[in-house]
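Chain residues, written in single-letter form:
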Amino acid sequence: MKDQICYDDYQKTASWLLSQTQHRPKVAIICGSGLGMLADALKCQDSFPYSDIPGFPQSTVQGHAGRLVFGELKGKTCVCMQGRFHMYEGHSLCKTTFPVRVFKLLGVETLIVTNAAGSLADNYQVGDIMIIKDHINFPGLAGLNPLNGPNDDKFGPRFPPMSGVYDKDLRKIAFDLCKSMGVSQFVQEGVYCMVGGPNFESIAEARLLHRLGVDAVGMSTAPEVVVATHCGMRVFGLSLITNKVVKSYDDTESVNHEAVLEVSKLRSQTLKMLVTELVSRMDINNNTG
Ligand SMILES: O=P(O)(O)O[C@@H]1C[C@H](O)[C@@H](CO)O1
């Protein structure tokens, strides 16, 4: 795929998908590392390997199957990415966020992002679920932004605000759901920070992030949220805390991707139930647009 992507490219992919499925999703879900099982909850599935979808990038990371799944969650039509694209795989940021604009053209109004992340907050435990309140987009602050280049006004404005993008109402619904599911003891709310990866953080970097007020760190999500916000989507985000980021020179532990995938498995049922119930309570109408 070429680096500069234009409206027609997104449109071609969206038109192809609309010709292949009867589903007309209003909600899109992006599954983080090891969280592809979220798609299992969809009923009446139509699924497409990324390699079959014209214009789609390919997944290269273990724990990211590389399939787009359409289906119904409690009567609400959704599309789910089993596998996302990361900057460290060598994709440009417009490629990592390509699906988000395609979803917009499919009629998606709400984006749910999920990810695996390491915790910096001292009170977080491995296995905690963090409802994302805000993000720090480190690559973005350094000039690596998916919105770089000529602005396409058909999607959104040149200078989109990024305050209050993680929808307050959806966060409240998610909290209430966690209470009623009896899992609120391991649910947090906090700030996610995206770093470029693919290496995990050095101790000095971890300490820097901790001082900056970061609660959880990962290698994705922020560019997708920036692009979704730019084109007017509502956003909800969840981080699964798969490891504590090493902050002490006395600590002999270290993190690896296999451990990240193991913890993702541990919370798969809870996350599936939370996302399903959240979607079922969303104020969306399948029959419009
Ligand atoms: O796709 P996500 O952000 O869930 O993936 C995280 C960050 C790295 O890609 C990988 C590290 O284990 O998991």
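Residues numbered from 1 in each chain as written. Predicted model: local features only at pLDDT ≥ 70, side-chain atom pairs only at ≥ 80, totals over all residues. Heavy atoms only, no water.

1. What to know about the overall build of the protein
Working step 1: Along its length, the protein carries 9 helices and 9 strands.
Working step 2: On C-alpha atoms alone, the protein measures out to a radius of gyration of 18 Å, which is about the 19 Å that the 2.2 N^0.38 rule sets for 289 residues.
Working step 3: Principal axes of the C-alpha set define a box for the protein whose edges measure 55 × 45 × 35 Å.
Working step 4: Across the 289 residues of the protein, 57% fall into the buried class.
Working step 5: Sequence separation of 24 or more characterises 83% of the internal contacts of the protein that already satisfy a separation of 6 or more. (Helix = DSSP H or I, 4+ residues; strand = E, 2+ residues; numbered from the N terminus. Rg over C-alpha atoms; globule rule 2.2 N^0.38 Å. Buried < 20%, exposed > 50% of the residue type's maximum accessible area, 1.4 Å probe, protein only. Contact = heavy atoms within 4.5 Å.)

2. Examining the UniProt feature "binding site: phosphate" (unreviewed entry) in the protein
Working step 1: Under the local residue numbering, the UniProt record ascribes the feature "binding site: phosphate" (unreviewed entry) to Ser 33, His 64, Arg 84, Phe 85, His 86, Ala 116 and Ser 220. Spanning 188 residues, the named residues form one tight spatial group whose C-alpha atoms are at most 13.7 Å apart. Within this annotated set, the largest cavity is lined by Phe 85, His 86 and Ser 220.
Working step 2: Along the polypeptide, Phe 85 turns up in the loop between strand S4 (76-82) and helix H2 (93-96).
Working step 3: Leave out the neighbours within four places in its chain, and Phe 85 touches Tyr 50, Phe 56, Pro 57, Gln 58, Ser 59, His 91, Lys 95, Thr 96, Pro 99 and Glu 224.
Working step 4: Relative to the assigned elements, His 86 resides in the loop between S4 and H2.
Working step 5: The contacts of His 86, once residues within four sequence positions are left out, are Val 61, His 64, His 91, Thr 96, Met 219 and Ser 220. (UniProt positions renumbered as here; feature names shortened; annotations may be inferred. 1 Å grid on protein atoms, 1.4 Å probe; cavity = no way out; pocket = protein on both sides within 12 Å on 5 of 7 lines; lining within 4 Å.)

3. Regarding the site of the ligand
Working step 1: The full set close to the ligand counts 13 residues, and Ser 33, His 86, Tyr 88, Ser 220 and His 257 are the nearest of them.
Working step 2: At 3.5 Å, a side-chain N or O of His 64 approaches an oxygen atom of the ligand.
Working step 3: Out of a free accessible area of 340 Å², the ligand has 96% covered by protein chains.
Working step 4: The set of elements that each furnish at least two residues to the shell around the ligand consists of strand S5 (110-119) and helix H8 (257-266).
Working step 5: Residue composition of the shell around the ligand, grouped by class: 5 nonpolar, 7 polar and 1 charged. (Near = heavy atom within 4 Å. Polar contact = N/O pair within 3.5 Å; in protein donor to acceptor, adjacent residues only side chain to side chain. Areas by Shrake-Rupley, 256 points an atom, 1.4 Å probe, with all protein chains shown as cover. Nonpolar A, V, L, I, M, F, W, Y, C, P; charged D, E, K, R; others polar.)

4. Section: unusual backbone geometry
Working step 1: Omega for the bond connecting Gly 197 with Pro 198 falls within 30 degrees of zero, at 0°, which places this linkage in the cis form.
Working step 2: Here Pro 198 is to be found in the loop between strand S7 (187-194) and helix H6 (203-211).
Working step 3: One non-glycine residue, Cys 44, adopts positive backbone phi at about 55°.
Working step 4: Counting through the fold element by element, Cys 44 comes out in strand S2 (residues 43-49).
Working step 5: Residue classification places Cys 44 among the exposed positions, given a relative accessible area of 59%.

5. Some remarks on the pairing of S7
Working step 1: With respect to burial, S7 is a largely interior element, 7 of its 8 residues being buried.
Working step 2: For strand S6 (residues 129-137) and S7, the ladder comprises 8 bridges, and the chain directions are parallel. Across the sheet, Ile 131 pairs through a bridge with Glu 189, a residue of S7.
Working step 3: Strand direction decides the pairing type here: S7 and strand S8 (residues 216-218), joined by 3 bridges, are parallel. (Pairing = 2+ DSSP bridges.)

6. Description of H8
Working step 1: Looking at H8, one finds that the buried residues are Val 260, Leu 261, Val 263 and Ser 264. Buried residues of H8 fall within an arc of 165° about the axis and therefore sit on the same side. Relative to its buried face, H8 has exposed residues pointing more than 90 degrees away, namely Lys 265 and Leu 266.
Working step 2: Of the surrounding elements, those touching the buried residues of H8 are S5, strand S9 (234-244) and helix H9 (268-281).
Working step 3: The N-capping residue of H8, defined by a side-chain oxygen 3.1 Å from the backbone nitrogen of Glu 258, is Asn 256. (Arc of directions from axis to C-beta.)

7. Thoughts on the nonpolar core
Working step 1: Ranked by internal contacts, the top residues of the largest apolar core, which has 44 residues, are Leu 17, Leu 68, Phe 103, Leu 111 and Met 233.
Working step 2: Setting aside anything within four residues of it in sequence, one finds Leu 68 in contact with Leu 17, Asp 46, Ser 47, Phe 48, Tyr 50, Ile 53, Phe 56, Val 79, Cys 80, Met 81 and Phe 103.
Working step 3: Core analysis: the second largest hydrophobic core is formed by 33 residues, Leu 177, Val 183, Leu 278 and Ile 284 among them. (Core = buried A, V, L, I, M, F, W, Y, C linked by side-chain atoms within 4.5 Å.)

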